[in-house]
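Coordinate analysis (summary)
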Amino acid sequence: MEAKNISEKVEYLLSIMTLAEKIGQLNQTGTTMVSALPGIEADIDGWVSDMMEGRISQEEFSKRMELCREDLKTEQIENGGIGSFVNLYDDEKIFQVQQAAMKSRLKIPLFIGVDVIRGYRTIFPTPLAMSCSWDMDNYRRMIKIAKKEAKVCGVNWVFGPMLDIARDARWGRIVESPGEDPYLASRIAKTVVNAFQENDAYGRLLCTAKHFLAYGAVSGGQDYNTVDVSERTLYETYLPPFRAAVDAGVGSVMSAFHDLNGVPCTCSHSLLTDLLRGELHFQGFVVSDAEAVKQCVAHGVASDERDAAKMSLQAGNDIDMSSLDYSRFLPDLVDKGEVSVSSINEAVRRVLYAKFFFGIMDEPYRYDPGKISDTVLCRKHRIAAREVAEKSAVLLKNDGVLPIRDSVKHILVTGGLAEDRAALLGPWAFTGDKESVVTVTDGIRNNAPSGVTVEFCRGFDTSDSESGFEEMIKKAEKSDLVIAVVGESAFMSGEAASKVNLNLPGAQEKAMLQLAALSVPCIAVLVSGRPLTIGKLQNNPGIGAILETWHMGCESGNAMADLLFGKCNPSGKLTVTFANEAAQEPMYYNHPNTGKPGGKFKFTSKYQDAPVEPLYPFGYGLSYTAFAYSGMRVSKKKLELGDTLNCEICVRNTGLYAGEEIVQMYIRDVTASCARPVRELKRFCKIKLEPGEEKICSFALHASELGFYRQDCTYTVETGMFQIFIGPDSSKGEMLEIELCD
Ligand code: BGC
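All figures in this text were calculated on a predicted structure; none of them were measured in a lab. Position numbers for residues count from 1 along each chain, tracking the sequence in the order it is written. The predicted nature of this model means local features are confined to residues of pLDDT at least 70 and side-chain atom pairs, given and counted, to a pLDDT of 80 or more, with totals for whole chains, interfaces and linings taken over all residues. To get the side-chain values, all heavy atoms of the structure are used, and hydrogens and water are removed first.

Our focus in this paragraph is the overall build of the chain. Of regular secondary structure, the chain possesses 24 helices and 28 strands. In this description the radius of gyration comes from C-alpha coordinates, and the expected globular size is given by 2.2 Å times residues to the power 0.38. A compact globule built from 742 residues should have a C-alpha radius of gyration of about 27 Å, and the chain, at 27 Å, falls within 12% of that. Total accessible area on the chain is roughly 28,900 Å²; 50% of this is exposed by carbon and sulfur atoms. Charged-residue counts in this description rest on Lys and Arg as positive and Asp and Glu as negative, His and the chain ends being excluded. For this purpose, a charge sits on NZ of Lys, CZ of Arg, CG of Asp or CD of Glu. The centroid of the 80 positive side-chain charges in the chain is displaced by 4 Å from the centroid of its 99 negative side-chain charges. We count a stretch as a helix when DSSP gives it H or I for four or more residues in a row; a strand needs E for two or more, and each element gets its number in order from the N terminus. In short, Shrake-Rupley with a 1.4 Å probe defines the accessible areas, and a residue's cover is counted only from the protein chains shown.

Turning next to the domain arrangement of the chain. Domain annotation of the chain identifies domain 1 (379-584) and domain 2 (627-741). Marked domain ranges trace back to an automatic or database domain assignment. Computed from C-alpha atoms alone, the centre-to-centre distance between domain 1 and domain 2 is 34 Å. Note on contacts: a residue pair is in contact if any heavy atoms of the two residues lie within 4.5 Å. Listed as interface residues are six residues of domain 1 and, on the opposing side, nine residues of domain 2. In short, buried area is how much 1.4 Å probe accessible area vanishes from two parts on joining, totalled over both. The largest contributions to the domain 1 side of the interface with domain 2 come from Asn569, Ser571 and Lys573, which together make up 71% of the buried area.

All right, on to the sheet that holds strand β11 (residues 285-287) then. Read from one edge of the open sheet, eight strands run β11-β8-β7-β6-β5-β4-β1-β12, paired in parallel fashion. Of all the strands in the sheet, just β11 and β12 (320-321) have a single pairing partner and so form its edges. Strand pairing is assigned whenever DSSP detects at least two bridges linking the two strands.

A sheet is described by the order of its strands in space; here five strands give the open sequence β20-β28-β27-β22-β23, paired in mixed fashion. In this open sheet, the two edge strands, each paired with only one partner strand, are β20 (638-640) and β23 (680-689). Sheet twist, expressed as the mean angle between neighbouring strand axes with direction ignored, is 25°. As paired elements, strand β22 (residues 659-669) and β23 share nine bridges and run antiparallel to each other. Across the sheet, the residue bridging to isoleucine 667 is glutamate 680, located in β23. Simply put, an axis is a line fit to the C-alpha atoms, just over the touching stretch for a helix, and the angle between two N-to-C directions goes from 0 to 180 degrees.

Moving on, we come to helix α10 (residues 231-238). Buried, partly exposed and exposed residues are distinguished by accessible area as a fraction of the type maximum, computed with a 1.4 Å probe on protein chains only: under 20%, between the cut-offs, and over 50%, respectively. Turning to α10, its buried residues number three or more, namely Leu234, Tyr235, Thr237 and Tyr238. On the buried face of α10, the contacting elements are α9 (182-197), α11 (240-247), β9 (259-260), α12 (269-279) and β25 (708-709).

This brings us to the packing of helix α14 (residues 305-315) against helix α15 (residues 325-335). Look at α14 against α15: their axes get within 9 Å of each other, and the N-to-C directions meet at 85°. On the basis of their axis angle, the class for α14 and α15 is roughly perpendicular. Together, Glu305, Arg306, Ala309, Lys310, Ser312 and Leu313 of α14 and Asp325, Tyr326, Arg328, Phe329, Leu330, Asp332 and Leu333 of α15 make up the contact between the two elements. Residue classes in the contact of α14 with α15 are distributed as six nonpolar, one polar and six charged. Angular relationships are summarised with four words: roughly parallel below 35 degrees, roughly antiparallel beyond 145, roughly perpendicular across 65 to 115, and oblique for the angles in between. The classification used treats Ala, Val, Leu, Ile, Met, Phe, Trp, Tyr, Cys and Pro as nonpolar, Asp, Glu, Lys and Arg as charged, and all other residues, Gly among them, as polar.

Here we take up the pattern of salt bridges. Throughout this description, the term salt bridge denotes a Lys or Arg side-chain nitrogen within 4 Å of a carboxyl oxygen of Asp or Glu. All chains considered together, the criterion is met by 55 salt bridges. Measuring nitrogen to oxygen at the nearest pair gives 3.0 Å for the salt bridge that ties arginine 349 to glutamate 346. Of the two residues, arginine 349 and glutamate 346 are both situated in helix α16 (residues 341-357); the distance of three residues between them amounts to about one turn of the helix. Among the residues examined, glutamate 346 registers a relative accessible area of 32% and is labelled partly exposed.

Reported here for the largest pocket is a volume of approximately 1,700 Å³. As for the largest pocket, its lining consists of 45 residues, of which Thr31, Asp45, Asn87, Ala290 and Glu291 are closest to the centre. Every element with two or more residues in the lining of the largest pocket is listed here: β2 (32-35), α3 (44-52), β7 (206-212), α13 (292-299) and α19 (421-425). Looking at which element gives the most residues to the lining of the largest pocket, the answer is α13, with four residues. Cavity: a set of points on a 1 Å grid over the protein atoms alone where a 1.4 Å probe fits but cannot get out. Pocket: an open set with protein on both sides within 12 Å along at least five of seven lines, its lining residues, like those of a cavity, having an atom within 4 Å of a point. Grid points are joined across faces, edges and corners, and a volume is the space filled by probe spheres set on the points.

Applying the stated criterion to the full structure yields three cavities of 30 Å³ or more. The space that makes up the largest cavity amounts to roughly 210 Å³. Along its surface, the largest cavity is lined by 23 residues, and Ile117, Pro127, Pro161, Met162 and Val192 are the ones closest to its centre. Elements that contribute at least two residues to the lining of the largest cavity include exactly α7 (127-131), α8 (136-152) and α9. Ranked by residues supplied to the lining of the largest cavity, first place goes to α8 with four residues. Residues belonging to the lining of the largest cavity are distributed by class as follows: 17 nonpolar, four polar and two charged.

Before going further, it helps to examine the site of the ligand. What makes a residue near a molecule or strand is one non-hydrogen atom of that residue sitting within 4 Å of it. Close to the ligand lie 13 residues, the nearest being Asn87, Asp115, Arg173, His211 and Asp289. In this structure, an oxygen atom belonging to the ligand sits 2.7 Å away from a side-chain N or O atom of asparagine 87. Side-chain atoms alone can form a polar contact between residues adjacent in sequence; in general such a contact is a pair of N or O atoms within 3.5 Å, and within protein one must be able to donate a hydrogen while the other accepts it. Measuring from an oxygen atom of the ligand, one finds a side-chain N or O atom of histidine 211 at 2.6 Å. Relative to its free-state accessible area of 310 Å², the ligand is covered by the protein chains to the extent of 92%. Partitioned by chemical class, the residues of the shell around the ligand number six nonpolar, two polar and five charged.

Bringing the environment of valine 678 into the picture now. As for its position among the elements, valine 678 is in the loop between β22 and β23. The class for valine 678 is buried, based on a relative accessible area of 18%. Expressed as a C-alpha distance, the spacing of valine 678 and asparagine 590, which sit 88 residues apart in the sequence, is 6.0 Å. Each residue touching valine 678, except ones within four places of it in the same chain, is listed here: Tyr589, His591, Pro592, Asn593, Ile667, Arg668 and Phe725.

For strand β14 (residues 410-414), the buried fraction is high: five of the five residues fall into the buried class. Of the two faces of β14, the one lined by His410, Leu412 and Thr414 and the one lined by Ile411 and Val413 are each fully buried. For β14 and strand β15 (residues 453-457), the ladder comprises five bridges, and the chain directions are parallel. Residue pairing across strands places isoleucine 411 opposite valine 454, the latter belonging to β15.

Here we come to the side chain of threonine 439. Along the chain, threonine 439 turns up in the loop between α19 and α20 (440-447). On the basis of relative accessibility, which here comes to 2%, the residue threonine 439 falls in the buried class. Within the structure, the side chain of threonine 439 is placed 3.1 Å from the backbone nitrogen of aspartate 442, a separation counted as a polar contact. Setting aside anything within four residues of it in sequence, one finds threonine 439 in contact with Ala418, Glu419, Arg421, Leu424 and Gly557.

Whenever a pair of cysteine sulfur atoms sits within 2.5 Å, that pair is classed as a disulfide. Applying the stated criterion to the full structure yields zero disulfides. Here cysteine 267 stays unpaired: no disulfide links it, and the sulfur of cysteine 296, its closest cysteine neighbor, is 3.7 Å away. Cysteine 267 sits in the buried class, given a relative accessible area of 9%. Distance from the sulfur of cysteine 457, which forms no disulfide, to the nearest cysteine sulfur (cysteine 522) is 13 Å. Residue cysteine 457 is classed as buried on the basis of its relative accessible area, which comes to 3%.

Printed below as a string of structure tokens:
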């Protein structure tokens, strides 16, 4: 539908809407639980705390829940008081609420917004894991399936992609992020937005760039905490992926929970109006984060929720996610002349425009249970989930024990996580079902070559208990190989899951050290949402290999087995730095040099008790084969401002296996008016090479891409010397110098 056409329809609708109906479009709600018995109040949150803190038993909790029913708020929908739902993902209920909307005066369908973070019913690896594939086709494959499943189930709005650059592994939401690099994150942003929103066989699916802005920089890595970053850092580090999403036409943006340089993002006019709409030319609508409108009171910038509603709307926050403050206070605020009807119209206009553009108005949800069951978690989707997962794993260490050799006849799988379906599924997967997950033991058992026996012994888990060690050691001694699954359970990362200790939780490290002391080879399969401080495993010769699998989703066990047995070759590379110690966080590769670099002498920038280098740098990842880089060339040693620089390097597979390599190109601006990062990623490519094969990788970079934001936040390209690196990660590679001239 053409923009003009849509605008006309929107204006017509606006002209016939009552104020209450308009405010309804800005009101997003979830379903609530209400008591089925008169006189008893449903206090679910209170009951959850009571149960978690031992005041009531689990049975008592379940009994109380049985006395509740879910309120779909159909009456309010029929009155035009609700415009969208958050996280309603039961397809039958979606149908019910859409039917209620069809009974409203104007019959405007609802937005059904859900956190489709990494698949819908078929759950793929976490976003952080996905980013380690550096593979845009991999993303497209995942998104197309997520889109198909979500749409067939009635979801018409996705709260993603999450585009928060994350440089601090203490922050639990690093698991949802595209990693620490703005260039890679921008490529991901563009790919994901296009894949969701383009008009393909499944139509368009509205998506949301979140959380605007700089949520990854929460102080101390503590979730929801204050963010204080310079404007220059905002432009250079945190803004680029959002800019890319806006350029790709993202339909909505979610404002973040925290306060940015003193002002909560939800009610920041400079952020939501001046920067997002004014400078980035964002045309869509803004939704707050959950209950973030009312949180402006707790932040201490709004005197009460009425004030919070007024400030948020006026700042440019169009939809109130689940505070209900817009629906409670906007009528009176308009009545008293404190909020103008035109500002309400402006917000509603944006929302309605999106409802037309994304096909919600044309295509009320057609509920088809048969089609749903044929589509979700079908064989084809599961195969994709397995292959996509394989590309996300990162091989961190290998002394040759992987891929598993033919001589291995008996394998011991140990560690509670190996059987923990919820952990393998990981956080932010509530639309999935843990029963759909293939465990590590099952995966290894089902894919082992014939004649190989596989035994599971729990041995340890993420708790402090060592009671299973003895049995585990006995069984390990009788095996040819131990596969120990270590790391984090599902809720150790994600929202409100920050940590100060990044070691393997519980007794896992102790268990690993005991296994390492045996003469039987031992492999660590890491399941985690974030980088962990695993130096002791890396440095222990008794641990033959470490494979970071993150949380791989429903095909975990099968994908791991394919990697371990060498049916596929690990190709992922880290998109976040692994520190040696949690106290080094935030640790990231693209920092400026200090005035005292070097680390050898006393008065240099370093710690006394940890190496200055990370445990594993950004971009790092091994393969079962080896790649040699040689013959780097640049097209010009002297570049002019309008020129394009062409660089190339030859990469050869010198090992025994076919494999994929992610070739990375970085720059360093040697002298500039601001201190520039020691390296900045500018290009990458992924190539597949057979043993003995070589390929030339070429990159083209326009001189304008050598610029940066100066102190006054203007983007400038400064002449002078630049170093160009091409290599396998952010710490290695060949280097050539070029000069940029006027
Ligand atoms: C999260 C958002 C999410 C929303 C709805 C919030 O707590 O910060 O990322 O989209 O909940 O689930």
